[in-house]
Amino acid sequence: MSTPLRTTYPVPVEDLIPAARKLADQAGSVPSQNRLMKHFRIGKEKAKAVRLALIEEDAATTGTHLHPVPDPVESAPETGADPTNDEMPRAAAGEASPQVTAPVDPVIVAESSAVEVVPAASLPEVSGEPNESARSVRSWPVLLLALPAFVAVWSGWVGLGTLTGFGVVHPLPGIADGFTINSAITLPIGVETYAAFALRVWLSGQVPASARRFAKWSALSALVLGGLGQVAYHLLEAAGVTRAPWQITTVVACLPVAVLGMGAALAHLIHARPDQNQGN
């Protein structure tokens, strides 16, 4: 390792080049400007001149293994250094030069929390209109359920009508004497049809409040009367009765008139104006 030149007088650049050449041979590359300043204790301008001389000498010499090393702090301004002063303060013997570490800016990493996206299709609808799933429910199974009930109800009402005096009549005498009809069919058509219609009006929610109340109680009454009629017929048929008692005959005879009155009243309440409903 080359030894620094120790003298109290400024050393010329020509005298520093041979020592700098030895230092470059030991390092394997052209020393940096800062290293030359620290090693030879010279100023910035003189260190730059020595380094340029080494670079030019290396470029002129063929086959040499030396190459320039860029000085990262060469362009940075130096504080406390006098470019006119060739003498640098000496470092303590055996003391290693401190390693300078560039300051590192802290990096804040923001972790984004996972957000669950709910597709708009799966959100519940707040409007009063039924959603697609409600509209997709088919009501055709009701027809299948109503078929056996229709057979049982029809036969029960027709049989009870026969026991209570309903039977074959000529509705158009003198006009169509050959046209006949069994009046017993009026019972299942009137009672059960009105029960289904009133039930629909009650549960629809699209009619005035007075119409809903009337439809509710009249639908329940019609269903109860229909059930009692079926019970009465089967009890009389099981007992072998061929003519119903007068009490049952009286009630059954009033059913067509009652159904007509309830149907007309319900239709009036559905189409009545709000002021008419309040007066009622």
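Residues numbered from 1 in each chain as written. Predicted model: local features only at pLDDT ≥ 70, side-chain atom pairs only at ≥ 80, totals over all residues. Heavy atoms only, no water.

Attention now moves to the overall build of the chain. Of the regular secondary structure elements, the chain holds nine helices and two strands. Each helix and strand of the chain, ordered N terminal to C terminal, gives the series α-α-α-α-α-β-β-α-α-α-α. A sequence separation of at least 24 residues applies to 63% of the contacts in the chain between residues at least 6 apart. For the chain, the exposed area adds up to about 19,600 Å²; of that, 64% sits on carbon and sulfur atoms. (Helix = DSSP H or I, 4+ residues; strand = E, 2+ residues; numbered from the N terminus. Contact = heavy atoms within 4.5 Å. Areas by Shrake-Rupley, 256 points an atom, 1.4 Å probe, with all protein chains shown as cover.)

At a minimum axis separation of 8 Å, helix α5 (residues 140-163) and helix α6 (residues 186-204) run at an interaxial angle of 125°. Taken together, the axes of α5 and α6 are oblique relative to one another. Classified by chirality, the crossing of α6 by α5 is right-handed. Note on element contacts: α6 touches α5 through L187, P188, I189, V191 and E192, opposite V153, W154, W157 and G161. Class assignment for the residues of the contact of α5 with α6 results in seven nonpolar, one polar and one charged. (Axes fitted to C-alpha atoms, helices over the stretch in contact; angles between N-to-C directions. Parallel < 35°, antiparallel > 145°, perpendicular 65-115°, else oblique. Left-handed = near helix turned anticlockwise from the far one by under 90°. Nonpolar A, V, L, I, M, F, W, Y, C, P; charged D, E, K, R; others polar.)

Right, let's talk about the layout of surface pockets for a bit. Within this model, the second largest pocket holds a volume of roughly 350 Å³. Residue lining of the second largest pocket: 14 residues in total, with F150, V153, E192, T193 and A196 positioned closest to the centre. Only α5 and α6 provide two or more residues apiece to the lining of the second largest pocket. Residue classes in the lining of the second largest pocket are distributed as 11 nonpolar, one polar and two charged. (1 Å grid on protein atoms, 1.4 Å probe; cavity = no way out; pocket = protein on both sides within 12 Å on 5 of 7 lines; lining within 4 Å. Points joined across faces, edges and corners; volume = space filled by probe spheres on them.)

Summed over the entire model, instances satisfying the criterion amount to one salt bridge. R21 serves as the salt-bridge partner of E57, at 3.4 Å between the closest nitrogen and oxygen. Placement of E57 in helix α3 (residues 44-60) and of R21 in helix α1 (residues 13-27) is noted, with a sequence separation of 36 residues between them. By relative accessible area, which is 35% here, E57 ends up partly exposed. (Salt bridge = Lys/Arg side-chain N within 4 Å of Asp/Glu carboxyl O. Buried < 20%, exposed > 50% of the residue type's maximum accessible area, 1.4 Å probe, protein only.)

As a further point, take a nonpolar patch on the surface. On the surface, V169, L172, I175, F179 and I181 cluster together into a nonpolar patch covering about 430 Å² of accessible area. Relative to the helices and strands, L172 is located in the loop between β1 (168-169) and β2 (181-182). Exposure remark for L172: the relative accessible area of 37% places this residue in the partly exposed category. (Patch = residues over 30% accessible without salt bridge, like charges linked within 9 Å, V, L, I, M, F, W, Y side chains within 5 Å.)

In contact at an axis separation of 8 Å, α6 and helix α7 (residues 209-238) are set at 145° when each is read in the N-to-C sense. Note that α6 runs across α7; the crossing there is left-handed. Residue-level contacts link V191, E192, Y194, A195, A198, L199, V201 and W202 of α6 to R212, F214, A215, K216, S218, A219, L220, A222, L223 and G226 of α7. When its residues are assigned to classes, the contact of α6 with α7 shows 13 nonpolar, two polar and three charged.

In this section: empty space enclosed by the protein. Taken as a whole and assessed by the stated rule, the structure comprises one cavity of 30 Å³ or more. The wall of the largest cavity is formed by V191, A222, L225, L255, A258, V259 and M262. Elements supplying a minimum of two residues to the lining of the largest cavity: α7 and α8 (246-271). With four residues, α8 is the single largest residue contributor to the lining of the largest cavity. Here the residues of the lining of the largest cavity are counted per class, giving seven nonpolar, no polar and no charged.

Over its 15 residues, α1 runs 20 Å from end to end, which matches the ideal 21 Å to within 8%, given 1.5 Å per residue. For α1, the full list of buried residues reads L16, A19, A20, R21, L23 and A24. (Expected span 1.5 Å × (residues − 1).)

Core analysis: the largest hydrophobic core is formed by 25 residues, its most contacted members being W157, L160, L187, Y194 and L266. Those elements that place two or more of their residues in this core are α5, α6, α7 and α8. Beyond its immediate chain neighbours, meaning those up to four positions away, Y194 contacts I189, F214, S218, A222, V259, M262, G263 and L266. Formed by 13 residues, the second largest nonpolar core is a distinct cluster that contains A20, V30, F40 and L54. (Core = buried A, V, L, I, M, F, W, Y, C linked by side-chain atoms within 4.5 Å.)

Shape descriptors only; they carry no functional weight alone.
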